[in-house]
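# Coordinate inspection notes
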Amino acid sequence: MAILHEHPIRIQEISGNWYQHRVAQVAVLRLDLLHPIISGNKWYKLHYNLEAAKAKGCTTLLTFGGGYSNHLAATACVARLSGLRTVAVVRGNYKVLTPCLQACSEDGMQLHPVTREAFDARAATDWCNVLNLKPDDTYIVPMGGDNELGRAGAGLIARFCPPTFTHIAVSVGSGTTYAGLRLQLPAHQYVLGFAPMKQGSYLNAALEPILEGHTNRRIIDDYHLGGFGKAGDDLIHFMNTLYLDEQLPTDRVYTAKMMYGIRDMLQKGTFSPTDRILCIHTGGLQGNLSISHKLVYT
Ligand SMILES: *Cc1c(COP(=O)(O)O)cnc(C)c1O
């Protein structure tokens, strides 16, 4: 399913004055350059799920997400480019569509807003019945592409991580990308997950059944900066400075907090001077739409 080309992906060096003498190298894997909407990790988590949908002969994708979901935006766009129909169960009743949901709708995604309670109980609901979809024709992608095929697809990102890097940093939502990378990367590379929500380190225990026996990994939640989706002036200032100094655009929900965390850990001397850190830019820049007036980039 060659609807996207990987050639725009590259590794960008971060300039030495950012971390002078503290580590040997900091670089960013620019997965965001893959596509403006089907960006970063979302494409990889969908990759094998799309193949499975095709193999089963399904023409409809059914998925789940919130009003600012990069997963919904990516799925809607992928489906349009692949000639598939998409239906999404959306968490929360929006009177006015968010920019993200508006874009999903323009990509042909059928949106079914439900209450938070109904959304949280989604696993117990027969959605094909509720939404009048043919089960044989409907392929269900879980929220965030969080399934075994999603992890396998995220594992493909390991091909872009040279073995010379000692640490691979990645932002974490469901933990699918983090887990996929840990399963696929060589054991000597440390996988460091940054949770952008309060108490996100619960994922360490939650992922244990999947990652048992795979060491050199940890998810930290020290850099949620107020909680999921919260972006105060300090973070916005950091994002603008990072862009002006390094020409690196980050998204407010995930990648900005990872980079903020990396810088803080560097300043505190958490790493050793021989370490080489590769930060994965998982994309998500479409999520900046709602704060674009505060940013020096789009
Ligand atoms: C969805 C998303 C993540 C989290 O990915 P998971 O696989 O759910 O952990 C990280 N960064 C960005 C930009 C995302 O859109």
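Placed above this text is the structure.
The structure reproduced in this document is the subject of the present report. (Residues numbered from 1 in each chain as written. Predicted model: local features only at pLDDT ≥ 70, side-chain atom pairs only at ≥ 80, totals over all residues. Heavy atoms only, no water.)

On to the site of the ligand. In the neighbourhood of the ligand, 16 residues make up the surrounding shell, with Lys42, Asn70, Ser174, Thr177 and Thr282 lying closest. Within the contact set of the ligand, an oxygen atom lies 2.8 Å away from a backbone nitrogen or oxygen of Gly175. Side-chain polar atom of Thr282 to a nitrogen atom of the ligand: 2.6 Å apart, as the coordinates give it. Burial of the ligand by the protein chains amounts to 97% of its free accessible area of 390 Å². In a pocket analysis with a 2 Å cut-off to the grid points, the ligand is assigned to the largest pocket. Sorting the residues of the shell around the ligand by element identifies α1 (41-55) and α7 (176-184) as the ones contributing at least two each. Among the elements that line the shell around the ligand, the one with the most residues is α1, at three residues. Taken together, the residues of the shell around the ligand break down into two nonpolar, eleven polar and three charged. (Near = heavy atom within 4 Å. Polar contact = N/O pair within 3.5 Å; in protein donor to acceptor, adjacent residues only side chain to side chain. Areas by Shrake-Rupley, 256 points an atom, 1.4 Å probe, with all protein chains shown as cover. 1 Å grid on protein atoms, 1.4 Å probe; cavity = no way out; pocket = protein on both sides within 12 Å on 5 of 7 lines; lining within 4 Å. Sits in = over half its atoms within 2 Å of the grid points. Helix = DSSP H or I, 4+ residues; strand = E, 2+ residues; numbered from the N terminus. Nonpolar A, V, L, I, M, F, W, Y, C, P; charged D, E, K, R; others polar.)

We now examine the pattern of salt bridges. Taken as a whole and assessed by the stated rule, the structure comprises six salt bridges. A salt bridge links Arg30 to Asp32; its shortest N-O distance comes to 2.8 Å. The pair formed by Arg30 and Asp32 is uniform in burial state, with each residue classed as buried. Among the salt bridges present, the one from Asp264 reaches Lys268, with a minimum N-O distance of 2.7 Å. According to the relative accessible area criterion, Asp264 is buried, its value standing at 18%. (Salt bridge = Lys/Arg side-chain N within 4 Å of Asp/Glu carboxyl O. Buried < 20%, exposed > 50% of the residue type's maximum accessible area, 1.4 Å probe, protein only.)

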